[in-house]
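# Working through the structure, step by step
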Amino acid sequence: MEELNLPKAATRTKTETKAAKISKNGKGSPLDAIIAKHESADFVDVEQAKAEFKKRRASQLESIKKTDKKLLRSMLYQMVLGRRFEEKCAEVYRMGKIGGFCHLYIGQEAIGVGSMMALKSDDMVITAYRDHVQAMIKGITPEAVLAELYGKEGGCVGGKGGSMHMFSKEHEFYGGHGIVGGQIGVGTGMAYAAKYKKSGQVVMCFFGEAAVNQGIFHESLNMAQLWKLPCIYICENNQYGMGTSQERAMSTRNIAKKADAFEMANEFVDGMDVMAVREATLRAIERARKKSLPTLLEVRAYRFMGHSMSDPGNYRTRDEIAKYQERDPIVLFKDSLKEAKVFGDKDFEKIEQEALAAVDAAVKFADESPLPNESKLFTDVYA
Ligand SMILES: Cc1ncc(C[n+]2csc(CCOP(=O)(O)OP(=O)(O)O)c2C)c(N)n1
Ligand SMILES: [Mg+2]
């Protein structure tokens, strides 16, 4: 299993919490009891996780056999590049080279790669602030993403957006949004525009599970189904919104099924399995392109790192993280590719070296790129 290099502060060992104590003493409110129940349930069975891992591998193998080898290689490359790039982001953040917020995608790579690599290059993508890896999958170079993180002129938006606001009209990548759920409305509008202009484009709109509790999700899905918009809504359920688990924030946890309220097609997908994500996305793309109909995909994965680089991580246990690390999407994919005899250790090593070289080149570029000139202070400013 790959080293994940988790910062110690991102986890806690299990101790009896205040809520659990109150509940046990019978003095707490019903809410204390619910919180205590959740807290006592966050121990996980690693053996069970390993068994699930094996089961999933069988179906991933089948899917690999049907897929072009060149594509499989670039899918693995993008996942490895995303992982190594973000490990580097964490490193340079700690060195003070990146200012402000920085949200990492580590553990969720199979979602971006499995879904976005099923799109055509002129299809449109919009996402939230956890956007570095998706920006690279859409074609923005690692150099331009890292320079943006550094606030440098060579960044994809000239160093004025930073971590949360990657954007490229050229690559049809429309951000990078910091307001939770805000991009769901914008993405729906983009799909309306595509339909209105008969451009043939499909929109892929990503958001976290915490955004689902907001009105904009329900309003947008209602309109998308009513107006038959070519939009693929991808809920990246990493099980936490900052330090709040989905269980503590959502009355019914089956997000895919929420689309039933709008009679919208929906699917639940294992977000640790890049091939399962790809297959579900292909079905959604066909629905969008041929029938101009939306789909909601709930893709469940797990956030291996903290919410952002400044997360003290005292709301979950190391055991819980370990359970999901047993199903690391990159390890799972590599194992399957090896078992299907598509690639071997030498190929993996080469991919690893290519990714590391791309990350090194990005660091060099970002280091050398100048800060934005003062003369640009008021350009591209709309408010
Ligand atoms: C409208 C709004 N409310 C609250 C916040 C503060 N906030 C930033 S990230 C976040 C959690 C979002 O979690 P989720 O949507 O699951 O995405 P994830 O971070 O897990 O990728 C919150 C509440 C915000 N940015 N915008
Ligand atoms: Mg989340």
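See the structure above.
So, a few notes on the structure that sits alongside this text. Note that this is a predicted model, so its numbers are computed, not measured. (Residues numbered from 1 in each chain as written. Chains lettered and ligands numbered in written order. Predicted model: local features only at pLDDT ≥ 70, side-chain atom pairs only at ≥ 80, totals over all residues. Heavy atoms only, no water.)

What follows covers the pattern of salt bridges. Summed over all chains, the structure comprises 20 salt bridges. Residue Asp270 is joined to Arg327 by a salt bridge in which the shortest nitrogen-to-oxygen separation is 2.7 Å. Linking Asp270 in strand E6 (residues 265–270) with Arg327 in the loop between helix H12 (318–325) and helix H13 (329–339), this pair joins segments that are 57 residues apart in sequence. Residue Asp270 shares its accessibility class with Arg327, and that shared class is buried. Close ionic contact of Lys350 with Glu354 constitutes a salt bridge, the shortest N to O distance being 3.4 Å. Of the two residues, Lys350 and Glu354 are both situated in helix H14 (residues 345–368); the distance of 4 residues between them amounts to about one turn of the helix. Each of Arg73, Lys350 and Glu354 takes part in salt bridges that share partners, so that together they form one network. (Salt bridge = Lys/Arg side-chain N within 4 Å of Asp/Glu carboxyl O. Helix = DSSP H or I, 4+ residues; strand = E, 2+ residues; numbered from the N terminus. Buried < 20%, exposed > 50% of the residue type's maximum accessible area, 1.4 Å probe, protein only.)

Axis separation between helix H4 (residues 69–94) and helix H11 (residues 274–291) bottoms out at 12 Å; the angle between their running directions is 115°. Both H4 and H11 take part in a crossing whose hand is right-handed. For the pair formed by H4 and H11, the contact residues are Leu71, Leu72, Met75 and Met79 on the first element and Val274, Met275 and Arg278 on the second. In terms of residue class, the contact of H4 with H11 is built from 6 nonpolar, no polar and 1 charged. (Axes fitted to C-alpha atoms, helices over the stretch in contact; angles between N-to-C directions. Left-handed = near helix turned anticlockwise from the far one by under 90°. Contact = heavy atoms within 4.5 Å. Nonpolar A, V, L, I, M, F, W, Y, C, P; charged D, E, K, R; others polar.)

This next bit is on the state of the cysteines. Inspection of the entire model under this criterion finds 0 disulfides. Between Cys205, a cysteine without a disulfide, and Cys231, which holds the nearest cysteine sulfur, the sulfur-to-sulfur distance is 5.3 Å. Judged by its relative accessible area of 0%, Cys205 is buried. (Disulfide = S-S within 2.5 Å.)

Position of Arg303 among the secondary structure elements: in the loop between strand E7 (295–300) and H12. If sequence neighbours within four positions are ignored, Arg303 has contacts with Ile106, Gln108, Arg130, Asn238, Tyr240, Met242, Asp311, Tyr315 and Arg316.

Another point: the coordination of the magnesium ion (ligand 2). Coordination of the magnesium ion (ligand 2) by the protein is provided by Glu209 (OE), Glu209 (OE), Asn238 (OD1) and Tyr240 (O), with metal-donor distances spanning 2.1 to 2.7 Å. Mapped onto the polypeptide sequence, the residues donating to the magnesium ion (ligand 2) form the spacing pattern E-x28-N-x1-Y. According to the relative accessible area criterion, Tyr240 is buried, its value standing at 6%. (Donors = N, O, S within 2.8 Å, 3.2 Å for Na, K, Ca; no water.)

Attention shifts here to the packing of helix H5 (residues 109–116) against H11. Look at H5 against H11: their axes get within 7 Å of each other, and the N-to-C directions meet at 40°. The handedness of the crossing between H5 and H11 comes out as right-handed. Here Ala110, Ile111, Val113, Gly114 and Ser115 of H5 lie close against H11, whose contacting residues are Val274, Val277, Arg278 and Thr281. Classifying every residue of the contact of H5 with H11 by side-chain character gives 5 nonpolar, 3 polar and 1 charged.

This part is about the environment of Gly208. Along the chain, Gly208 turns up in strand E2 (residues 203–208). Residue Gly208 is classed as partly exposed on the basis of its relative accessible area of 28%. On a C-alpha basis, the gap between Gly208 and Ile234 in space is 8.4 Å, while along the polypeptide they are 26 residues apart. Discounting chain neighbours no more than four positions away, the residues touching Gly208 are Cys235 and Glu236.

Spatially, the 5 strands line up as an open sheet ordered E1-E2-E3-E7-E6, and their pairing is parallel. Every interior strand has two partners, whereas the edge strands, strand E1 (124–126) and E6, have only one. Strand-to-strand, the axes of this sheet are offset by a mean angle of 20°, without reference to chain direction. Two elements, E1 and E2, share 3 bridges in a ladder whose sense is parallel. Of the residues in E2, the one forming a bridge with Val125 is Met204. (Pairing = 2+ DSSP bridges.)

Neighbouring ligand 1 are 15 residues, the closest being Tyr129, Arg130, Gly178, Asn238 and Tyr240. Burial of ligand 1 by the protein amounts to 71% of the accessible area it has alone, namely 580 Å². The residue makeup of the shell around ligand 1, split by class, is 7 nonpolar, 6 polar and 2 charged. (Near = heavy atom within 4 Å. Areas by Shrake-Rupley, 256 points an atom, 1.4 Å probe, with all protein chains shown as cover.)

On to the nonpolar core, then. Core analysis: the largest hydrophobic core is formed by 78 residues, its most contacted members being Phe85, Leu146, Leu149, Phe333 and Leu337. With 12 residues, H4 is the single largest residue contributor to this core. For Phe333, the residues in contact, after removing those within four places along its chain, are Gln60, Ile64, Leu72, Met75, Leu76, Met79, Val274 and Met275. Residues Ile184, Cys205, Phe217 and Tyr233 belong to the second largest nonpolar core, which totals 25 residues. (Core = buried A, V, L, I, M, F, W, Y, C linked by side-chain atoms within 4.5 Å.)

Burial runs high along E2: 5 of the 6 residues are buried. With 6 bridges connecting them, E2 and strand E3 (residues 231–237) associate as parallel partners. For Phe206, the partnering residue across the bridge sits in E3 and is Ile234. Note that the unit made of E2, helix H9 (residues 215–226) and E3 has a crossover that is right-handed. (Right-handed = clockwise from strand over helix to strand, strands pointing away.)

This paragraph deals with the pairing of E7. Counting buried residues in E7 gives 5 out of 6 residues, a clear majority hidden from the surface. Pairing geometry for E6 and E7, over 6 bridges, is parallel. Directly across from Glu267, in E7, lies its bridge partner Leu297. In the classification by handedness, the crossover that spans E6, the intervening H11 and the parallel E7 is right-handed.

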